[in-house]
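Per-entry structural report
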Amino acid sequence: MNFDLSEELQMVRDSARDFADRVVAPTADERDREHRFPMDEFKAAAEQGFCGALVDEEFGGTQLGNMGNILIVEELSRACASTGVTVSVHNSLVTSPLKRHGTDEQKQAYLPRLAAGELLGAYALSEADAGSDAAALRCKATRDGDDWILSGAKLWITSGKQADLIVVFALAQEGVTAFIVETASDGFSVGKVEEKLGIRSSSTVEILLDNVRVPGNRVLGSVGKGLHVAFDTLDGGRVGIAAQSLGIAQAAFDASVKYAQEREQFGKAIGRFQAIQFKLANMSADIAGARLLTYRAAMLRDQGRPHTLEAAQAKLVASQMCNRVADEAVQIHGGAGYTTEFPVARYFRDARITEIYEGTSEVQQLVIARQLMAG
Ligand SMILES: Cc1cc2nc3c(=O)[nH]c(=O)nc-3n(C[C@H](O)[C@H](O)[C@H](O)COP(=O)(O)OP(=O)(O)OC[C@H]3O[C@@H](n4cnc5c(N)ncnc54)[C@H](O)[C@@H]3O)c2cc1C
């Protein structure tokens, strides 16, 4: 068993790290404070090929696979969790289902522009009364000749305000169906904009569909088989959120080591106290364990092997780890950690979402338990 990244993947990680340090990190606190969407950072990431990680070369992508994608999401999230989730949703929840379930015509129409960052993608499954129970969605799809008419409201849509293209799930007579919806369509509008605890430079909005006409050739996958598309997509997305958790935790850990070496009390650096050393030791072990689970799930998806169980395990463990590590990071910083002077307060707020979106921790436990009982 080889635990080393291939040379190509090391290069992907190093270039994502360099990009995140140079382009994303310097303005992360400011964007968070101003709730400013990372559009410039997204476009710059696309120029590096990061937004086409899951797109095949024939459609203009960099074809880095899920391993490449999670290394990118981890490094971006280390600098800014909001930029991390913007790219994660675009890649894992939009380019990935297009690649896996799209027709050649759909791939040709959208993947090159998504990979180039000309188009920004979003994913709309959740509704007010369909969160953990996503299958309870009520947004309606009605046939009109060859077209479909979509009506209803979707809630909590990441990048929904800025997106050009949204994968929307709606209920047709044949069952839940996935549609590729262009946001420039008549009848599409943005409703409530959420004010959030964390990932404040990511946008989270309600989207309103008032008789939006969607051509018949914009059904993604088969009519009535949308839940298959939704859950297959979320298997990949969850690995992305596990990677986001790794990035936030790594940033919190790195800041803590630095602070422990610099801050002096009782005449010595606090990092000389065993109580602080043991916190750092636990944090590093916690991150390393979650990283292995995340890499395993990504590799299984790349190999086309079953990975629903492993993706849920990775997301559950990595997101819980992220919250523990961010909490300890604030503790190590003492009062300074509770202020905006140090980024650990942002990491602490950003960490919280990783246990909620793309399935709460309880939903990951349900998915894992179901897989165990089925075996
Ligand atoms: C910032 C943000 C961004 C998001 N982005 C997107 C997006 O881009 N696209 C999208 O479609 N959705 C998005 N979501 C929605 C997100 O996926 C849901 O919030 C999440 O799935 C939980 O649904 P809910 O909020 O309705 O909580 P609920 O389902 O109401 O859950 C409330 C609590 O009950 C628990 N619970 C529910 N059912 C069970 C059960 N059977 N057993 C045990 N416990 C249970 C939950 O774990 C949770 O603790 C986003 C949410 C947020 C906050």
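Bear in mind the structure is a predicted one, so any value in this text is a computation, not a measurement.

Basis of the calculations
Residues numbered from 1 in each chain as written. Predicted model: local features only at pLDDT ≥ 70, side-chain atom pairs only at ≥ 80, totals over all residues. Heavy atoms only, no water. Domains from an automatic or database assignment. Contact = heavy atoms within 4.5 Å. Buried area = accessible area lost by both parts, 1.4 Å probe. Salt bridge = Lys/Arg side-chain N within 4 Å of Asp/Glu carboxyl O. Polar contact = N/O pair within 3.5 Å; in protein donor to acceptor, adjacent residues only side chain to side chain. Nonpolar A, V, L, I, M, F, W, Y, C, P; charged D, E, K, R; others polar. Helix = DSSP H or I, 4+ residues; strand = E, 2+ residues; numbered from the N terminus. Core = buried A, V, L, I, M, F, W, Y, C linked by side-chain atoms within 4.5 Å. Buried < 20%, exposed > 50% of the residue type's maximum accessible area, 1.4 Å probe, protein only. Pairing = 2+ DSSP bridges.

The next point concerns the domain arrangement of the protein chain. By domain assignment, the protein chain separates into domain 1 (7-119), domain 2 (122-223) and domain 3 (227-374). Spacing between the C-alpha centres of domain 2 and domain 3 amounts to 30 Å. Every contact between the two is made by 13 residues of domain 2 and, on the other side, 13 residues of domain 3. Summed over both partners, the interface of domain 2 with domain 3 comes to about 1,100 Å²; 75% of that surface belongs to carbon and sulfur atoms. Of all residues in domain 2, Tyr 123, Leu 197 and Ile 199 give up the largest surface area on contact with domain 3, accounting jointly for 42% of the area buried on that side. For the pair domain 2 and domain 3, the interface holds 0 salt bridges. Inspection of the domain 2/domain 3 interface yields 3 residue pairs in polar contact (both at pLDDT 80 or more). Across the side of domain 2 that touches domain 3, the residue classes tally to 9 nonpolar, 3 polar and 1 charged.

Looking at the secondary structure, you find Arg 218 in the loop between strand E7 (204-214) and strand E8 (219-220). Within the structure, Arg 218 has its side chain in polar contact with the side chain of Tyr 110 (distance 2.9 Å).

Of all hydrophobic cores here, the largest spans 72 residues; its most connected members are Leu 98, Leu 114, Tyr 123, Leu 125 and Phe 169. Among the elements that make up this core, the one with the highest residue count is helix H7 (residues 226-262) (16 residues). Apart from residues no more than four positions distant in its own chain, Tyr 123 is found in contact with Val 89, Leu 93, Ile 157, Ile 166, Val 167, Phe 169, Ala 230, Thr 233 and Leu 234.

To continue, consider unusual backbone geometry. Phi is mostly negative for residues that are not glycine, and the peptide bonds are mostly trans. Even without a glycine there, the phi angle at Trp 156 is positive, about 70 degrees. Tracing the sequence through the fold places Trp 156 in strand E3 (residues 147-158). Here Ser 159, not a glycine, exhibits a phi torsion of approximately 65 degrees, which is positive. Following the sequence through the fold, Ser 159 ends up in the loop between E3 and strand E4 (165-172). A relative accessible area of 0% means that Ser 159 is categorised as buried.

The next subject is the pairing of strand E1 (residues 121-124). Burial of E1 is two-sided: the residues Gly 121 and Tyr 123 facing one way and the residues Ala 122 and Ala 124 facing the other way are all buried. For E1 and E4, the ladder comprises 4 bridges, and the chain directions are parallel. Residue Gly 121 lies in a different strand from E4, and its bridge partner there is Leu 165.

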